[in-house]
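Geometric and topological summary
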Amino acid sequence: FDAAWNVSLTLVLVFLTPVQTYLLPALSDKADEAAWRGVLLRTLRLVLLLAVPIIVGMITLKVFILRLLYSEEFLPALELLRWTLAGDYVRVAGWVLATALVARADMRSYLVAEIGWNIVFMAATLGFLKQGIEDVGPAYLGAYFTYLVLLVFLLHQRHAMVLDRRTVIAWLAGAGTIAATSVFAWSTELAPWQGAACLTAAVAC
């Protein structure tokens, strides 16, 4: 559990910390609503564009990564890592939208989203733990999907923020690519050419 969680967390922190460092002051500086929405949507699309090949690469190399950072004895962590890597794609979009709430000093909405994530994750985890620790993965994915939906709703209700068609299509295309790669590499270690094919599809997406 710790190995899968740390691999996933490190990916998110390394990838999103520079984004947040840029986005928070950039959004705080925009008083005009149209300019504020423009910065947010452009950043979200850019983050999705970068996240898809990175996460696809992690999915295709997950066996190698666990062997490199840990050892063969940690390969059972794949049961959880398969889910957390897919969940990280949802988490990336949520992180960007949550940063928008912080930039607007809307801490009440931010707190609602965070509490919502914790409630869903804890409740789902308690349910899945009866089947085994590896089944916490679906709880992770489900909690972050709930988190994303909450953020979209709160931004719309509180700040009249609407995701444009281009951004929604970009997110769905990335989600489809990651889902397909996850299924393809679910129980096998991909050959180099298979990993290269997945990465090519991700970049094309």
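Cut-offs used in this document
Residues numbered from 1 in each chain as written. Predicted model: local features only at pLDDT ≥ 70, side-chain atom pairs only at ≥ 80, totals over all residues. Heavy atoms only, no water. Helix = DSSP H or I, 4+ residues; strand = E, 2+ residues; numbered from the N terminus. Expected span 1.5 Å × (residues − 1). Buried < 20%, exposed > 50% of the residue type's maximum accessible area, 1.4 Å probe, protein only. Arc of directions from axis to C-beta. Axes fitted to C-alpha atoms, helices over the stretch in contact; angles between N-to-C directions. Parallel < 35°, antiparallel > 145°, perpendicular 65-115°, else oblique. Left-handed = near helix turned anticlockwise from the far one by under 90°. Contact = heavy atoms within 4.5 Å. Nonpolar A, V, L, I, M, F, W, Y, C, P; charged D, E, K, R; others polar. Core = buried A, V, L, I, M, F, W, Y, C linked by side-chain atoms within 4.5 Å. Phe/Tyr/Trp six-rings, centres within 6.5 Å; stacked < 30°, edge-to-face > 60°. Lys NZ or Arg CZ within 6 Å of the ring centre and 35° of its normal. Salt bridge = Lys/Arg side-chain N within 4 Å of Asp/Glu carboxyl O.

Structural notes on the overall build of the chain
When helices and strands are counted, the chain shows eight helices and zero strands. The secondary structure elements of the chain, listed N-terminal to C-terminal, are α-α-α-α-α-α-α-α.

Considering helix 7 (residues 165-184)
The end-to-end C-alpha distance of helix 7, which contains 20 residues, comes to 28 Å, matching closely the 28 Å that a straight helix rising 1.5 Å per residue would cover. Among the residues making up helix 7, those that are buried are T167, W171, G174, T177, I178, T181 and S182. The arc enclosing the buried residues of helix 7, seen along the axis, measures out at 135°, which places them on a common side. Looking at helix 7, the residues exposed on the side facing more than 90 degrees away from the buried face are R165 and V183.

Observations regarding the packing of helix 3 (residues 62-69) against helix 4 (residues 78-103)
Packing of helix 3 against helix 4 brings their axes to within 11 Å, and their N-to-C directions diverge by 120°. What the angle tells us is that helix 3 and helix 4 run oblique. Here helix 3 runs over helix 4; the crossing is right-handed. Side by side, helix 3 and helix 4 meet where K62, V63 and L66 of the first sit next to L78, L81, R82 and L85 of the second. Its residues placed into classes, the contact of helix 3 with helix 4 shows five nonpolar, no polar and two charged.

Examining the nonpolar core
If you look at the biggest cluster of nonpolar residues, it comprises 62 residues, and the most contacted ones within it are L16, L27, L40 and L66. Every residue in contact with L16, bar those within four places of it in the chain, is listed here: V47, V92 and W95.

Considering the packing of aromatic side chains
Under the definition given, this model contains six aromatic pairs. Here the aromatic rings of Y144 and Y147 are separated by 5.9 Å at their centres, their planes lie at 85°, and the arrangement is edge-to-face. Here the residue Y144 and the residue Y147 both occupy positions in helix 6 (residues 136-159), the gap between them amounting to three residues, near one helical turn. Through pairs of rings, three or more aromatic residues link up here, namely W117, F121, Y140, Y144 and Y147. The ring centre of W36 lies 4.5 Å from the NZ or CZ of R104, which sits over that ring.

Topic: unusual backbone geometry
We note that A105 has phi near 60°; this positive angle belongs to a residue other than glycine. By relative accessible area, A105 is classed as exposed at 61%. The phi dihedral of A160 is positive, around 55°, even though this residue is not glycine. Along the chain, A160 falls in the loop between helix 6 and helix 7.

As for the pattern of salt bridges
Scanning all chains against the criterion turns up four salt bridges. Notably, a salt bridge pairs R45 with D164, separated by 3.2 Å at the nearest N-O pair. Highlighted residues: R45 in helix 2 (residues 33-60) and D164 in the loop between helix 6 and helix 7, separated in sequence by 119 residues. Overall, R45 belongs to the buried group, its relative accessible area being 18%. For R82, the salt bridge is made with E79, and the minimal N-O distance between the two is 3.2 Å.

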